[in-house]
Amino acid sequence: MVIPPWENQTTIAEFVLRGFSSIRQLNIFLFMTFLVFYILIVSGNILIVLLVFFSHHLHTPMYFFLVNLSFLEIWYTSNIVPKMLLIIIAEQKTISVAGCLAQFYFFGSLAATECLLLAVMSYDRYLAICQPLQYPILMTGPLCIKLASSSWLCCFLLTAITMVLLSRLTFCGPNEIDHFFCDFTPLVHLSCMDTSLTETIAYATSSAVTLVPFLLITASYSCILVAILRIPSGTGRRKAFSTCSSHLTVVTVFYGTLIATYLVPSANSSQLLRKGFSLLYTILTPMFNPIIYSLRNRDIHEALKMCLSKKPSFLLG
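Residues numbered from 1 in each chain as written. Predicted model: local features only at pLDDT ≥ 70, side-chain atom pairs only at ≥ 80, totals over all residues. Heavy atoms only, no water.

**Student:** Please set out the UniProt feature "transmembrane region" (unreviewed entry) in the protein residue by residue, giving values where relevant.
**Tutor:** As annotated in UniProt, the feature "transmembrane region" (unreviewed entry) corresponds to residues 28–53, 65–90, 102–123, 143–166, 201–228, 240–264 and 276–295 in the numbering used here. Split by type, residues 65–90 is 88% helix and 0% strand. Its first and last C-alpha atoms lie 38 Å apart. Span residues 143–166 is 100% helix and 0% strand, its end C-alpha atoms 35 Å apart. (UniProt positions renumbered as here; feature names shortened; annotations may be inferred. Helix = DSSP H or I, 4+ residues; strand = E, 2+ residues; numbered from the N terminus.)

**Student:** Kindly report on a nonpolar patch on the surface, identifying the contributing residues and their values.
**Tutor:** Residues Ile46, Leu50, Phe53 and Phe54 make up a contiguous nonpolar surface patch of about 420 Å² in total accessible area. Within the element layout of this structure, Leu50 appears in helix 1 (residues 27–54). On the basis of relative accessible area, Leu50 is assigned to the partly exposed category, the value being 42%. (Patch = residues over 30% accessible without salt bridge, like charges linked within 9 Å, V, L, I, M, F, W, Y side chains within 5 Å. Areas by Shrake-Rupley, 256 points an atom, 1.4 Å probe, with all protein chains shown as cover. Salt bridge = Lys/Arg side-chain N within 4 Å of Asp/Glu carboxyl O. Buried < 20%, exposed > 50% of the residue type's maximum accessible area, 1.4 Å probe, protein only.)

**Student:** So what's going on with the pattern of salt bridges? Which residues, and what values?
**Tutor:** Tallying each qualifying case throughout the model produces one salt bridge. Among the salt bridges present, the one from Arg125 reaches Asp124, with a minimum N-O distance of 2.9 Å. Here Arg125 matches Asp124 in class, with each residue buried.

**Student:** Which residues make up the sheet that holds strand 2 (residues 94–96), and what are the values?
**Tutor:** By definition, the strands of a sheet pair up through backbone hydrogen bonds, in either a parallel or an antiparallel sense. The sheet built from three strands is open, its strands ordered 2-1-3 with mixed pairing. Strands at the two margins of the open sheet, each flanked by one partner only, are strand 2 and strand 3 (176–177). Note that strand 1 (residues 14–17) and strand 2 share three bridges and pair antiparallel. Bridging from a neighbouring strand, Val16 pairs with Thr94 of strand 2. Helix 4 (residues 97–130) rests against strand 1, strand 2 and strand 3 of the sheet, and its axis sits at about 85 degrees to strand 2. (Pairing = 2+ DSSP bridges. Contact = heavy atoms within 4.5 Å. Axes fitted to C-alpha atoms, helices over the stretch in contact; angles between N-to-C directions.)

**Student:** Tell me what's going on with the state of the cysteines, and back it up with residues and numbers.
**Tutor:** In the structure shown here, the tally under the stated rule is one disulfide. Across the disulfide from Cys100 sits Cys182; the S-S distance is 1.9 Å. Note on the Cys100 and Cys182 pair: the S-S dihedral is about -120 degrees, so by sign convention the disulfide is left-handed. Of the two residues, Cys100 is situated in helix 4 and Cys182 in the loop between strand 3 and helix 7 (184–189); the sequence distance between them amounts to 82 residues. Of the two residues examined, Cys100 and Cys182, each falls in the buried class. Note on Cys115: no disulfide assigned, nearest cysteine sulfur contributed by Cys155 at a separation of 7.4 Å. The class of Cys115 is buried, set by a relative accessible area of 1%. (Disulfide = S-S within 2.5 Å.)

**Student:** Can you lay out the packing of aromatic side chains for me, pointing to particular residues and giving the numbers?
**Tutor:** Scanning the entire structure with this criterion turns up 21 aromatic pairs. For the pair Phe15 and Phe171, a centre-to-centre distance of 5.3 Å together with 85 degrees between the ring planes defines the contact as edge-to-face. Here the residue Phe15 occupies a position in strand 1, and Phe171 occupies one in the loop between helix 6 (141–167) and strand 3, the gap between them amounting to 156 residues. On the basis of relative accessible area, Phe15 is assigned to the buried category, the value being 0%. When its relative accessible area of 3% is taken as the criterion, Phe171 is described as buried. Judged by centre distance (6.3 Å) and plane angle (20 degrees), the rings of Trp75 and Trp152 are stacked. (Phe/Tyr/Trp six-rings, centres within 6.5 Å; stacked < 30°, edge-to-face > 60°.)

**Student:** Tell me about the packing of helix 6 against helix 8 (residues 196–229), residues and numbers included.
**Tutor:** Here helix 6 crosses helix 8 at 165 degrees, and the two axes come no closer than 9 Å. Here helix 8 runs roughly antiparallel to helix 6, going by the angle between their axes. In the crossing of helix 6 with helix 8, the sense of the turn from one axis to the other is left-handed. Between helix 6 and helix 8, the residues in contact are Cys155, Leu158, Ile161, Thr162, Leu165 and Leu166 and Thr198, Ile201, Ala202, Thr205 and Val209, respectively. Broken down by class, the residue content of the contact of helix 6 with helix 8 amounts to eight nonpolar, three polar and no charged. (Parallel < 35°, antiparallel > 145°, perpendicular 65-115°, else oblique. Left-handed = near helix turned anticlockwise from the far one by under 90°. Nonpolar A, V, L, I, M, F, W, Y, C, P; charged D, E, K, R; others polar.)

**Student:** Break down the confidence of the model for the protein for me, with residues and values.
**Tutor:** The predicted structure's coordinates, where accompanied by low pLDDT, should not be read in detail. Residues of the protein with pLDDT of at least 70 account for 90%, and the chain-wide mean is 84. The secondary structure element of the protein with the lowest average pLDDT is helix 11 (residues 298–309), at 75, and the one with the highest is helix 6, at 94. The model gives residues 313–317 a pLDDT under 50, and that stretch makes one contact with residues more than four places away or in other chains. (pLDDT = per-residue confidence, 0-100.)

**Student:** Now, about the side chain of Glu114: what can you tell me, with residues and values included?
**Tutor:** Relative to the helices and strands, Glu114 resides in helix 4. Here Glu114 is buried and forms no salt bridge, its nearest opposite-charge partner Arg125 lying at an N-O distance of 16 Å. Excluding residues that lie within four positions of it along the chain, Glu114 makes contacts with Leu69, Leu72, Glu73, Phe254 and Asn289. (Lys, Arg positive; Asp, Glu negative; His and termini not counted.)

Structure representation (structure tokens):
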């Protein structure tokens, strides 16, 4: 009986995340920068969640989906950044195989969920602009809950398929991952088994949860554009466009960074550049989302003013 080559090799128990070891002289600067960004991401998205929760005039489908997106961004960033900060400042670079697989699972699931949530939000804007009279009847509370919950459930289940296949792989060394988190490609490259099935299924599932929502978003905004151009007054067109401009900006930033990241060549010379692009969708995009949605949003401004104008109960005499 022929013994597979990996049977004679020692299975590793942990990985080493190299992070930004090639620019170690910038460790303090990187740590402080990423720490500030992380605090801004968490505080900004928590602020949006609280504003929507406590402001009754924000209890609409659009803000319900925005709360889901903000909650996702908090979890998404917290899955990666704290460990990255430890790698940078304490040089605690090791992570167990189980911990690495868990980090990839949550990263993949949350990234896929964001794609579906953005598609759901574009559908909401399509109904609001293209079918305004039927919008309250079509986009009901139960439907919003079903759309959001199905987005979460579908993506976590799909990513679980890839996760199961990854967990069945044997990792024999080397155990160094030249990245600041556990992504799919570096993981499969460290396996000493045949990974063709795992890569094929991962490619199929990732394509489904990125391309299909992107096509739905494109179709929704094509209809929205046509509807806006049919509005006779310039004021009406600007008002209609303002209701979806924030979401369109977030979609552009999110998909733009994903495309830029995975179109970069995988050669060693571009690895630092790949890490830089990865930072765009793991840190900058989650940080910009609350800024984009609140910068020109009159409802958010009013909710924030109302909260700031309320006196604490212990000051009321």
